[in-house]
Amino acid sequence: MQVSELNVGQKAKIISFHAGDQTYRKRLIAMGLLPGTEFTVSRMAPLGDPIEIEVRGFALSLRKAEAKILQIERVSTAS
């Protein structure tokens, strides 16, 4: 699943990284986006680029190209 498939307010967990540019991967890891990390989509630009997520208590904006490297799964919220 891709980050761009999520709607605002949905939560997801990073499973792993897709094959891609090593520079982006290292950059994402440096920002704290590691496998097992949960995040929430907080805002999305009108054309879907960039996407703002809330992770580890801070807001982070990702371009679609950067976000495509993340392999994620949706986290269900208990109601």
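One can find the structure itself at the top, above this paragraph.
What counts, and at which threshold
All chains use their own residue numbering, which begins from 1 and follows the written sequence. It should be noted that, the model being predicted, local features are given only for residues of pLDDT at least 70 and side-chain atom pairs only at 80 or more, the latter also being counted only at that level, while totals for whole chains, interfaces and linings use all residues. To obtain the side-chain values, all non-hydrogen atoms of the structure were included, while hydrogens and water were left out. We call a set of buried residues a nonpolar core when its members are Ala, Val, Leu, Ile, Met, Phe, Trp, Tyr or Cys and they connect through side-chain atoms within 4.5 Å of each other. When accessible area is computed with a 1.4 Å probe and restricted to protein chains, residues below 20% of their type maximum are described as buried, those above 50% as exposed, and intermediate ones as partly exposed. Each helix is a run of DSSP H or I of at least 4 residues and each strand a run of E of at least 2, with the numbering of both proceeding from the N terminus. The contact criterion used throughout is that any non-hydrogen atoms of two residues lie within 4.5 Å.

Asks: Can you explain the nonpolar core? Please cite residues and give values.
Replies: One finds Leu 33, Phe 39, Ile 53, Leu 62, Leu 70 and Ile 72 to be the most contacted residues of the largest nonpolar core, which totals 18 residues. For this core, the secondary-structure elements that each account for two or more residues are β1 (11-17), β2 (38-44), β3 (51-55), β4 (58-62) and β5 (70-75). What Ile 53 contacts, discounting residues up to four positions off in sequence, is Leu 33, Phe 39, Thr 40, Val 41, Ser 42, Phe 58, Ala 59, Leu 60 and Leu 62.

Asks: Report on the environment of Ile 15, specifying residues and quantitative values.
Replies: Relative to the helices and strands, Ile 15 resides in strand β1. Overall, Ile 15 belongs to the partly exposed group, its relative accessible area being 37%. Measuring from C-alpha to C-alpha, the distance between Ile 15 and Ile 72 comes to 5.1 Å, with 57 residues separating the pair along the chain. In contact with Ile 15, other than residues within four places in its own chain, are Pro 35, Gln 71, Ile 72 and Glu 73.

Asks: Give a description of the side chain of Glu 52 that names residues and reports values.
Replies: With respect to the element layout, Glu 52 can be found in strand β3. Residue contacts for Glu 52: discarding those within four places in its chain leaves Thr 40, Val 41, Ser 42, Arg 43, Ala 59, Leu 60 and Ser 61.

Asks: So what about the environment of Glu 38? Which residues, and what values?
Replies: Within the secondary structure layout, Glu 38 lies in strand β2. The exposure class of Glu 38 is partly exposed, given its relative accessible area of 46%. Considering only alpha carbons, one finds Glu 38 and Val 55, 17 residues apart in sequence, at a separation of 6.8 Å.

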